[in-house]
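# Structural overview for review
These are the residues of each chain, in order.
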Amino acid sequence: MRGELLTVIIVVGTALAFDFTNGFHDTANVVATSISTRAMPPRLAVGYASILNFVGAFISLQVAATVASDVVDPEAITPLIVFAGLIGAIAWNLITWYFGLPSSSSHALIGGVVGAMLVAQGPDSIFFETGIVGKVMVPALVAPILAFLVAGVSILLLYRIVGGLRPGPASGGFRGGQIISGGLLALAHGTNDAQKTMGVIALALVAYGSLPASDPSPPTWVVVSAATAIALGTYVGGWRIIRTMGSRIHKMDSAQGFAAQGAGAAVILASTHGGFPLSTTQTISGAVIGSGAAKRVSAVRWGVAGNIVMAWILTLPAAAGFGAVTYGITRLFGTGAAGPIVVSALILAGSAALFARRAQQGASVSAAEA
Amino acid sequence: MSVATVDWDALLTAVWASIVAGIGATTAFGIAILGGTRAVELRRDGRPLEAAVFGTIGALGAAVVIGAITFGLVILAQ
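Residues numbered from 1 in each chain as written. Chains lettered and ligands numbered in written order. Predicted model: local features only at pLDDT ≥ 70, side-chain atom pairs only at ≥ 80, totals over all residues.

## Concerning the overall build of chain B
- Helix and strand counts for chain B come out as two helices and zero strands.
- Against the globule reference of 12 Å for 78 residues, chain B gives a C-alpha radius of gyration of 19 Å, more extended than a compact globule.
- Viewed in the frame of its principal axes, chain B has a C-alpha envelope of about 70 × 25 × 10 Å.
- Burial analysis of chain B (78 residues in total) assigns 33% to the buried set.
- Across chain B, contacts joining residues at least 24 apart in sequence account for 59% of those joining residues at least 6 apart. (Helix = DSSP H or I, 4+ residues; strand = E, 2+ residues; numbered from the N terminus. Rg over C-alpha atoms; globule rule 2.2 N^0.38 Å. Buried ≥ 20, exposed ≤ 12 C-beta atoms within 10 Å, placed from the backbone. Contact = placed C-beta atoms within 7 Å.)

## Re the overall build of chain A
- Of regular secondary structure, chain A possesses 13 helices and zero strands.
- Computed over the C-alpha atoms, the radius of gyration of chain A is 20 Å, within 12% of the 21 Å expected from 2.2 N^0.38 for a compact globule of 370 residues.
- Across its three principal directions, the C-alpha atoms of chain A cover 70 × 50 × 35 Å.
- Within chain A, the proportion of its 370 residues that are buried is 61%.
- A separation threshold of at least 6 residues defines the contact pool for chain A, and within that pool the share at least 24 residues apart is 89%.

## Quick word on the confidence of the model for chain A
- When pLDDT is averaged across chain A, the result is 85; 90% of the residues are at 70 or more.
- Ranking the helices and strands of chain A by mean pLDDT puts helix H10 (residues 254-273) of chain A first, with 93, and helix H9 (residues 239-248) of chain A last, with 52. (pLDDT = per-residue confidence, 0-100.)

## Side note on the packing of helix H7 (residues 167-208) of chain A against helix H1 (residues 8-44) of chain B
- Relative orientation of the contacting elements H7(A) and H1(B) amounts to 135 degrees, with a least axis distance of 10 Å. As summarised for this structure, H7(A) and H1(B) are arranged oblique, according to the angle between their axes. In this structure, H7(A) meets H1(B) at a crossing whose hand is right-handed. Residues Pro169(A), Ala170(A), Gly173(A), Phe174(A) and Gly177(A) of H7(A) touch H1(B), and the partners they reach there are Phe29(B), Ile33(B), Gly36(B) and Thr37(B).
- Along the lines of polarity and charge, the residues of the contact of H7(A) with H1(B) split into five nonpolar, four polar and no charged. (Axes fitted to C-alpha atoms, helices over the stretch in contact; angles between N-to-C directions. Parallel < 35°, antiparallel > 145°, perpendicular 65-115°, else oblique. Left-handed = near helix turned anticlockwise from the far one by under 90°. Nonpolar A, V, L, I, M, F, W, Y, C, P; charged D, E, K, R; others polar.)

## Regarding the nonpolar core
- Among the nonpolar cores identified, the biggest contains 128 residues, and Val82(A), Leu86(A), Val200(A), Ala202(A), Ala204(A) and Ala226(A) are the most heavily contacted of them.
- Per-element accounting of this core gives the leading share, 18 residues, to H7(A). (Core = buried A, V, L, I, M, F, W, Y, C linked by C-beta atoms within 7 Å.)

## A closer look at the environment of Asp193(A)
Residues and elements named next belong to chain A.
- The residue Asp193 is located in helix H7 in this model.
- Looking at Asp193, the number of C-beta atoms within 10 Å reads 35, which means it is buried.
- The spacing of Asp193 and Ala227 is 34 residues in sequence and 9.5 Å in space, taken between C-alpha atoms.

## Here we look at the interface of chain A and chain B
- The interface of chain A with chain B comprises 38 residues on the first partner and 30 residues on the second.
- Sorting the residues of the side of chain A that touches chain B by element identifies helix H6 (128-162), H7 and H10 of chain A as the ones contributing at least two each.
- Sorting elements by how many residues they give to the side of chain A that touches chain B places H6(A) first, with 15 residues.
- By residue class, the composition of the side of chain A that touches chain B is 25 nonpolar, 12 polar and one charged.

## Topic: helix H2 (residues 48-77) of chain B
- Counted at 1.5 Å a residue, the expected span for H2(B) with its 30 residues is 44 Å, and the 43 Å between its end C-alpha atoms agrees.
- By the burial criterion, the buried members of H2(B) are Phe54(B), Gly58(B), Gly61(B), Val65(B) and Gly72(B). (Expected span 1.5 Å × (residues − 1).)

## Considering the packing of H7(A) against H10(A)
Residue and element names in this part refer to chain A.
- The geometry of H7 relative to H10 is characterised by a closest axis approach of 8 Å and an angle of 25 degrees between their N-to-C directions. Viewed along their axes, H7 and H10 adopt a mutual orientation that is roughly parallel. When the axes of H7 and H10 are compared, the crossing they make is left-handed.
- A class-by-class count of the residues in the contact of H7 with H10 yields nine nonpolar, 14 polar and one charged.

## Concerning the environment of Gly61(B)
Residues and elements named next belong to chain B.
- Looking at the element boundaries, Gly61 is found in helix H2.
- The class for Gly61 is buried, based on 22 C-beta atoms found within 10 Å.
- In sequence terms Gly61 and Thr27 are 34 residues apart; their C-alpha atoms lie 8.3 Å from each other.
- Setting aside residues no more than four positions away along its own chain, Gly61 makes contact with Ala28, Phe29, Ile31, Ala32 and Gly35.

## With respect to helix H8 (residues 220-236) of chain A
- Between its terminal C-alpha atoms H8(A) stretches 25 Å, which fits the 24 Å expected from 17 residues at 1.5 Å a residue.
- Among all positions in H8(A), only Val222(A), Val223(A), Ser225(A), Ala226(A), Ala227(A), Ala229(A), Ile230(A), Ala231(A), Gly233(A) and Thr234(A) are buried.

## Observations concerning the confidence of the model for chain B
- Residues at a pLDDT of 70 or more form 95% of chain B, whose mean pLDDT is 91.
- For this predicted complex, the interface score ipTM comes out at 0.92, while the overall pTM is 0.87.

What follows is the structure, encoded as structure tokens:
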């Protein structure tokens with residue numbers, strides 16, 4: 001029992017670390033448009049987003065319920081499976097961060113847990129049709145397309161409405177509007193993404209026997225700790241990905257930034273109400289591309305957009321592969337806490353090596369530019 | 001695999017809510033900017049009546065934006 005408790009503690013710590021990396025890797029996308037249109041200075045935008053991420057985590061528990069009970073069979077879950085899924089997702093997040101590729105932390109998390117579950121308990125323990133397809137894959141396809149269309153139609157209407165005005169006051173108004181739309185997007189991210197971590201911790205608590213499988217609602221301490229972790233991750237920031245999302249897809253004006261953020265927030269919040277664990281990265285990417293394409297199709301750098309699409313396609317199977325391999329490695333040490341301790345040490349060492357390499361490359365670039 | 005595996009009711013609700021909220025709120029904000037900007041310009045040109053009309057349109061646009069955001073968050077929290 002003591003070994004199992006230690007495993008659950010490691011799982012909770014790992015889940016919160018994942019939540020932190022989610023904020024670090026994913027939420028930066030939320031502030032990219034505000035920064036690129038100069039609606040807010042970078043530090044202020046990141047601080048503002050982190051506070052609203054924290055607040056957003058308290059708004060709803062629909063997505064947490066989906067992750068905890070609709071994707072894999074909560075009766076068949078074990079703390080080791082949850083641990084392996086989380087490590088698989090963290091590994092994928094780190095790799096995509098290192099190469100500067102936007103990915104989906106949400107789909108990485110779900111993919112990791114599904115991969116570990118598949119290896120541990122077989123295909124019958126996965127709710128493939130109703131869960132993976134119905135709650136994850138179909139909404140994952142619909143959301144970015146919907147965000148693309150909403151942002152595109154919005155920007156066309158906005159240009160029609162304010163087209164006769166002098167550019168100065170209109171741009172100033174939209175920059176002010178971006179404070180609202182950017183805040184809503186951060187709130188939407190907090191409510192959808194923090195809930196996935198809550199759902200995963202709830203799964204571990206079900207496996208440990210602290211929560212009933214029939215009603216795995218996360219307790220308050222889980223909600224508060226998940227909100228704090230994602231907010232801290234956001235504050236630390238993922239500047240490399242901000243650059244990709246904010247300016248490399250296309251140069252935006254403040255009206256486009258406002259339309260993209262508004263569309264992204266609307267799609268994520270509406271989907272959260274339906275309990276769909278969306279990818280905020282995919283959704284905001286769709287909205288950013290939509291707002292650019294509606295103005296001028298050639299303004300969008302489709303090569304970068306293509307890279308993002310590739311990351312979308314790869315995330316679920318790649319994270320599932322990492323989750324499955326992690327489960328296999330963890331089981332080499334038995335079913336106790338030894339496996340999670342060894343694997344945690346390995347992933348920490350790997351993360352430190354990647355961060356050091358990235359810092360070294362950054363220093364080399366600065367030296368070359370000087 | 002069949003289409004019945006997807007909760008179409010929830011998905012379609014999310015789709016129409018996204019369209020109404022996304023396009024509606026951004027359009028209302030555009031109207032608020034139009035009304036506010038034109039009101040300032042017309043007042044500066046000594047046309048207070050027209051300025052008041054545009055000011056009212058701008059205020060209505062802003063009210064729709066605030067109302068839509070509040071309504072959405074209340075629905076979500078429930």
